[in-house]
Amino acid sequence: MIKERLGHRIDGWIHRFFPFLFWRPIHPDLLTVVGTVVAGGAGLAFAQGAFLQAGCLLLLGGFFDLVDGVVARHFGRTTHFGAFLDSSLDRVVDMLIVLGLLIHFVRAASGAGVALCTVILVASVLTSYAKARAELVIDRMPGGLLERGERIGLLAAGAILGILWPILWLLAVGTVVTAGQRFLYAYREMAKLDRGEPDRAGEAGTMDPAGGADA
């Protein structure tokens, strides 16, 4: 939701506050991989119950995820594979993070924690898949209530501030709502296509080579 509204205005902010990223050419795919390793480390920290460290790693990994597309556009190195790599590794990070939390709650014998993490994991994967699959048919899929950026930001804030439980409840409900929103939107748009109404699918299935799609 936030990224959808801000769009490429983020580029200007990154240029202004982090000019060192543009002093010399940096391969954006390298930033993507480094961000994945850093954010993936948050999953290990969550599994060990080191919530503060996990939250900090999430923020740092999110920074790399935010700037890789900006760097790609700045140096003219946007590619379709870069967008594919970015989106694919985002899914890896999402699963590692929630699996880390799941392991923590299993060790702590917390049934509620295990249940919440299971809901978040399934709903997160579903929202991402729904967007990718729908955009093979329709022009675009709106982000919905909680896109990936919001989910990661909320989880990082909850871990750092020590309010993880309410954040997990928020994520469980919000991610399920987001999945429902995407299914409803897909149903409406695809029903129009089935009725033979003019569609916007001429650009369907394309990816933004600027750095991948936020899911």
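Summary of the structure given here. (Residues numbered from 1 in each chain as written. Predicted model: local features only at pLDDT ≥ 70, side-chain atom pairs only at ≥ 80, totals over all residues. Heavy atoms only, no water.)

**Some remarks on the packing of aromatic side chains**
- Tallied over the entire structure, the rule returns seven aromatic pairs.
- Each ring, one from Phe-46 and one from Phe-51, has its centre 5.9 Å from the other, and the planes form 50°; the classification is tilted.
- Taking 6.0 Å as the distance between ring centres and 75° as the angle between the ring planes, the aromatic pair formed by Phe-63 and Phe-64 counts as edge-to-face.
- With a relative accessible area of 17%, Phe-64 lands in the buried category.
- Through pairs of rings, three or more aromatic residues link up here, namely Phe-18, Phe-20, Trp-23, Phe-63 and Phe-64. (Phe/Tyr/Trp six-rings, centres within 6.5 Å; stacked < 30°, edge-to-face > 60°. Buried < 20%, exposed > 50% of the residue type's maximum accessible area, 1.4 Å probe, protein only.)

**As for unusual backbone geometry**
- Positive phi, normally seen in glycine, also occurs at Ala-109, with a value near 55°.
- Relative to the helices and strands, Ala-109 is located in the loop between helix H5 (80-107) and helix H6 (111-134). (Helix = DSSP H or I, 4+ residues; strand = E, 2+ residues; numbered from the N terminus.)

**Observations regarding helix H2 (residues 9-17)**
- Turning to H2, its buried residues number three or more, namely Ile-10, Asp-11 and Ile-14. Along the axis of H2, the buried positions cluster into a sector of 105°, meaning they face one direction only. Along H2, the residues that are exposed and aim more than 90 degrees away from the buried face are Arg-9, Arg-16 and Phe-17. (Arc of directions from axis to C-beta.)

**Quick look at helix H3 (residues 28-47)**
- With 20 residues, H3 ought to run about 28 Å at 1.5 Å a step, and its terminal C-alpha atoms sit 29 Å apart, in line with that.
- Across the 20 residues that make up H3, a large majority, 14, are buried.
- Looking one or two residues past H3, Gly-49 carries a phi angle of roughly 80°, positive in sign. (Expected span 1.5 Å × (residues − 1).)

**Observations regarding the environment of Val-34**
- Secondary-structure assignment places Val-34 in helix H3.
- Take Val-34: its relative accessible area is 31%, and that puts it in the partly exposed class.
- Taking the C-alpha atoms as reference points, Val-34 and Phe-64, 30 residues apart in sequence, are found 7.3 Å from one another.

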